[in-house]
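# Geometric and topological summary
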Amino acid sequence: MEGSSAHIGPPEDFVRGNTGNHPFLPGGFDVSSSLDKKRVEGKVLSDGLQVIWEGGKLQTVPPGFLRGLDFDSPEPFSVRRKRDSGKPVLAMEEKFVKGPSQINLIDVFKQAWEQETFGQPSESSGIIEDTHVEIDEGSKEQLTDNLLDAEVGMLDNILEDVKKLKVSHASVEEKKPQTWAIKGGCEGLLEHFSEFVPEMALSYPFELDAFQKEAIYHLENGESVFVAAHTSAGKTVVAEYAFALSTKHCTRAVYTSPIKTISNQKYRDFSDRFDVGIITGDVSLKPEASCLIMTTEILRSMLYKGADIIRDIEWVVFDEVHYVNDVERGVVWEEVIIMLPDHVNMVLLSATVPNAYEFADWIGRTKQKKIFVTRTSQRPVPLEHCLYYSGELYKICENKLFLAQGVKAAKDAFNAKKSTPRAGGSSGQAGSFTAPGRGAAGHGGHKNSKGAPGQRSSASMVMAQKNSSGGWRSEASQWYSLIKNLSGKGFLPVVVFCFSKNRCDKSADSLTAIDLTSTSEKNEIRVFCNKGFSRLRGSDRQLPQVVRVEELLRRGIGVHHAGLLPIVKEVVEMLFCRGVIKVLFSTETFAMGVNAPARTLLPGEYTQMAGRAGRRGLDKVGTVIIMCWDEIPEEADLMRLLTGEPTNLESQFRLTYNMILNLLRVEDLKVEDMLKRSFAEFHAQRALPEQQQQLKEGEGELLQMNTTINCILGDPTIEEYFELAVEAEGLGEELHEAVMQSKGVQSLLVPGRVVVVYTPPLPVPTLGVILRASTPSSGSKNWIILAVNRGSNAFDSSISKATSGDSLSESITDGYYISRKSNRGLEDEYSVSSRASRKSAGVVKVSLPHYGTTGGIGYVAMEIDNKAIVSICKSKIPVDTVRLLEDVSSAAYSLTVQQLLQLEKQYPNQDPPVLDLVKDLKLNDITIIEKYYKRQRLLERMAMNQCHRCTLLHEHYNQFKKQSALKERVRRLKYELSDAALQQMPDFQQRIEVLQEVGCINSELAVQLKGRVACEINSGDELIATECLFENQLVDLDAAEAVALLSALVFQQKDASEPTLSTRLRAAKDRMTATAIRLGSLQAEHGLNIIPQDYAHDTLKFGLVEVVYEWAKGTPFAEICELTNVPEGSIVRTIVRLDETCREFKNAARIIGDSTLYQKMSDASEAIKRDIVFAASLYVTGVPS
């Protein structure tokens, strides 16, 4: 590994980092501009060679010293490059041999690196004549040694940065691959795996599966992999191999997981084979180990804080990658993937997801490296799915084949039982079942169901809740029947997944008469519990939860949920893995957090939990049972549930103040860069190269376009006319449907009615007359009209064919205009009925559209729909439809067109009066009327424009329209290529304003003292915590009161009982709440979607303030549990997180220089770290012998 060096500072900073450190440059970022900036500012060169890039003097006073030594070097030291193409580059040894010589140290360093890396020196590394250091023969060798020893730290920095700069430039020059996600493996790999990987870093006593071989092959090549396989398929093998490679290469590997339980279990699993350490919120064991296990949040903190240990990491293993779908914490995964340096390779392990290649392509594009995807849809133990109803199992799916006959048999049994009268009770419904399938939204379910906690499928177990006095059997008797049935079929052990912690406990407690363990198993359970609980002191050993669970375990029954004490959960997990627990009631956290497959599963959240059925090497098939206490699910619902697609991986990326501040404090990283690289922006960013090419072409076309318009009427006013037309068109689109669909309008559109029409074949809105109504095959009513046509008759075929129905409406894309309403009265000079020369045959013999001219004026007869009618005039003219449409008489056309032209002359610079919206068309919608009159004012201005009757309007209008459309397209492309187009950019701007308002950053976006403090807060709301610190809200509180108050930042349960607080704590609670409401109001003022009171209520939960206070004062755990309705496990989890909060507040106190607060937080941390709350994990320390 390159770039690793001895760390400076406290050992904990080496592992966890410090907010004073700069993060490592994330892989895939372009560093050229930032490195140039660094050189100019002289911020990276070591103190031994502090050089101004464009020239300056060598330093003579070391940093921290009051005086130094002057080496009498009056000439400035310059690193400006001078090339001498006629002289060969001399080797370093030759320079020292030639007596007094001139040496450019920067060139020497650069040349040495280039010779090592590329085998040849740089063209630019010649001898610089104006930069020299005089060296005599006697001191050459000594000077060389001194230089190398003194500047080794500077060399590390320079060479690492220069190499990154070289790689960055090279990557820009070479052609980028279009796809970063590549199918794993290669030809012949599976058949000749030993030849491709002759010396494996880790051997296995079993034959590897195909996806495992493919992943290992790419790991050996130093390539990142994405492994998608079912639960229990063997993905951990790939993680183990990454650990083995890091051990072989003397580097480090990191294994990250979404929850601490997985971290603890993996520590136990890997400790037998590797040098493993673990870092979680409350545990830091062997952080110097070559293989580290940690939660994803810990790794994110290390990346932001620039922990030196990152230099040594070769592999990061992301387990349960589908956890990225989690709404609350999925963003952490995206942050970590984006922030990882370039030298770190990734191993991503996920359950089967449909868009694995899409997700891998995002990672590869972000990190600028190929990601090899290897996947399998095969389960190591096939699953069968059954319905359980009335004491019988009905198989409904086997080997992915849905068995409809099983559902039918269950329904037949249900109907038969329902038709049989029951004595002593009614047939009321005790529960319901709906199963919309994986990822589908349905009654009682959530959209996502793949792996993320809190997101359940609707396929659920609903138990009857009638007591024994009713017609239904009691819940206990139903469980007895089920367990007896499963035991008889050999389907134990079984995991029963329930909706809630309370349901788990009640179901287990109801089985008082069941004993499923043998004498030897009882003895094994008793011995294990005694050893596991031996670390509990005094009254903790007799806690009600401990006693109750231990009693259940001895009978082979277990419970597992978040409300249990951590040590109790671990005892249950370990005993289940030993096979002595026969029935386990659990929430979905067991499927996510524990690698403990069972023979049979009764799932609530189907997809993740069903994968736990079937024990590899023990069972030929795993059985998944869907409980049907009171009704049978629909066949379609079951089919979607069992055979539907899993949920896609979707981005949950969101901005946080902590993220923004951590990025703002580093000059080389921008928040916009983080936004661009999020999975949410993946599709937009992938389209950038194509958009950049389109922009280049659009700008070139715009430059070549002739923008000169030669107006025959004087100064051109087409731009003003076009702007008015566009605005009027927008209003017209809103009004047209309401106007044209009214009954009054349809009755007025009769032959002879003068209208203003606008269609693509016509140059501008122009006068026309209705000749006949027509009804095309589409069923909508169309009109045949004759209109004045002042444009060219050379129309293309696509326009000429747009004469009817749908094709016409599709061709009319330019909108329409509606003429202004004249101030004249209701006088209708042409109010005559249409007359025909003879009775019409009803057949249109003219070919439409029909073009012609009369007296130098063009006309067109064509079919239009309602959209083409701009306005309906009051005027009517006589029309002979027989001669026009059947005889195709030129004289008839000439006469009709002349009448239209007479109307134009009668109303110069305007259209004929139109029908009144209210009086004539009988519309009374005030909104429509207001928009109508607004549009009429625009049309009046259009009619007065000199272009309105110009014969060149068509040509000039289209020319200007094309130019405007091209300008708009270029503008849109520039916007889409800019940071402003990012989805979360408005949210970012609003949050920036909030941070400026509270003083975390200044107007130049430089992070201030308050912002540095906020960077330290990760366990709670950073804004509230920082404001409380700077408002000295903890000053008048002692250590116990302070830590109790801080519990409001980390406690999450909403329905906790109201605590009883002292006067000082009540006042402190009110102050903190007021601060939260004020900050909520501030965020709302800047546009964030926040309700101040809700923000305060959701962010601060004071339910455990009294409990934590008593615990910090030394009250036994059993007594504090009596103070609240919060489960014991939640209490422990909150207090453990509080220790992390105390550590963060200590760091904040150090930054602001508050020694009193620092000591208070130290005392608070010591006060809460005791007894059962901080009992060591059995996975980490092992079970006492």
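Residues numbered from 1 in each chain as written. Predicted model: local features only at pLDDT ≥ 70, side-chain atom pairs only at ≥ 80, totals over all residues. Heavy atoms only, no water.

As annotated in an unreviewed UniProt entry, the chain is Helicase ATP-binding domain-containing protein from Ceratopteris richardii. The chain has a UniProt comment under Subcellular location (unreviewed entry) that states "Cytoplasm". (UniProt positions renumbered as here; feature names shortened; annotations may be inferred.)

## Details of the packing of aromatic side chains
What describes a pair of aromatic rings is the distance from one ring centre to the other and the angle between the planes of the rings. For the coordinates displayed, the defined rule picks out 16 aromatic pairs. Judged by centre distance (5.6 Å) and plane angle (75°), the ring pair of Tyr255 and Phe270 falls under edge-to-face. You can see Tyr255 sitting in strand β3 (residues 252-257) and its partner Phe270 sitting in helix α10 (residues 260-271), a full 15 residues away along the chain. The residues Tyr255 and Phe270 share a single accessibility class, namely buried. Each member of the aromatic cluster is reached from another via a ring pair, and the members are Phe226, Phe359, Trp362, Phe679 and Phe682. If you follow Lys417 out to its NZ or CZ, it ends over the ring of Tyr389, 5.5 Å from the centre. When the ring centre of Trp1111 is taken as reference, the NZ or CZ atom of Arg1170 above it lies at 3.5 Å. (Phe/Tyr/Trp six-rings, centres within 6.5 Å; stacked < 30°, edge-to-face > 60°. Helix = DSSP H or I, 4+ residues; strand = E, 2+ residues; numbered from the N terminus. Buried < 20%, exposed > 50% of the residue type's maximum accessible area, 1.4 Å probe, protein only. Lys NZ or Arg CZ within 6 Å of the ring centre and 35° of its normal.)

## Structural notes on the sheet that holds strand β20 (residues 782-789)
Spatially, the 6 strands line up as an open sheet ordered β21-β22-β20-β19-β18-β23, and their pairing is antiparallel. Looking along the sheet, the strands with just one partner apiece sit at the ends: β21 (850-854) and β23 (869-876). Strand-to-strand, the axes of this sheet are offset by a mean angle of 30°, without reference to chain direction. Packing of helix α32 (residues 890-906) onto the sheet brings it into contact with β18 (753-757), β19 (766-774), β20, β21, β22 (857-864) and β23, and relative to β19 it is tilted by some 135°. (Pairing = 2+ DSSP bridges. Axes fitted to C-alpha atoms, helices over the stretch in contact; angles between N-to-C directions. Contact = heavy atoms within 4.5 Å.)

## Considerations on the confidence of the model for the chain
For the chain, mean pLDDT is 77; residues scoring 70 or higher make up 74% of the total. Scored below 50 in pLDDT, residues 76-103 makes 67 contacts in the model with residues more than four places away or belonging to other chains. Low confidence marks residues 162-177, where pLDDT is under 50. Its contacts with residues over four positions away, or in another chain, come to 18 contacts. (pLDDT = per-residue confidence, 0-100.)

## Things to note about unusual backbone geometry
Among all residues save glycine, negative phi is the norm, and among peptide bonds the norm is trans. The residue after Leu492, namely Pro493, is reached through a cis peptide bond having omega 5°. On the secondary structure map, Pro493 appears in the loop between α15 (475-488) and β13 (494-497). Here the residue pair Leu848 and Pro849 is connected by a cis peptide bond, since its omega of -5° sits within 30 degrees of zero. Along the chain, the position of Pro849 falls in the loop between α30 (805-811) and β21. The residue Leu1005 is not glycine, and still its phi comes out positive at about 65°. Considering the arrangement of structural elements, one finds Leu1005 in the loop between α35 (985-998) and α36 (1009-1015). A residue is classified by how much of its surface remains accessible, and Leu1005, at 32% relative accessible area, is partly exposed. Its identity as a non-glycine residue notwithstanding, Asn1032 has a phi of 55°, on the positive side.

## Describing the environment of Ala562
Following the sequence through the fold, Ala562 ends up in the loop between β14 (557-560) and α19 (566-578). A sequence separation of 26 residues divides Ala562 from Glu588, and the C-alpha atoms of the two residues are 9.8 Å apart. Leave out the neighbours within four places in its chain, and Ala562 touches Lys501, Lys569, Gly1129, Ser1130 and Arg1133.

## Describing the nonpolar core
One finds Phe226, Phe318, Phe359, Phe585 and Phe1117 to be the most contacted residues of the largest nonpolar core, which totals 183 residues. If we skip the residues at most four places from it in the chain, Phe318 touches Thr256, Trp333, Val336, Ile337, Leu340, Met346, Val347, Leu348 and Leu349. Counting residues in each nonpolar core, the second largest holds 67 residues, with Tyr721, Phe722, Val739 and Met862 among its members. (Core = buried A, V, L, I, M, F, W, Y, C linked by side-chain atoms within 4.5 Å.)

## Focus on the pattern of salt bridges
One pass over the structure, following the stated rule, counts 41 salt bridges. The partner of Lys582 in a salt bridge is Glu521, with the nearest N and O atoms 3.0 Å apart. Of the two residues, Lys582 is situated in the loop between α19 and β15 (583-586) and Glu521 in helix α17 (residues 519-532); the sequence distance between them amounts to 61 residues. Taking relative accessible area as the criterion, Lys582 reaches 15% and is therefore assigned buried. Across the pair Arg971 and Glu968 runs a salt bridge whose closest N-O atoms are separated by 2.6 Å. Here Arg971 and its partner Glu968 are both found in helix α34 (residues 953-977), 3 residues apart, which amounts to about one turn of the helix. Using a relative accessible area of 39% as the deciding quantity, one classes Glu968 as partly exposed. The network of salt bridges with common partners includes Lys1010, Glu1027, Glu1031 and Arg1078. (Salt bridge = Lys/Arg side-chain N within 4 Å of Asp/Glu carboxyl O.)

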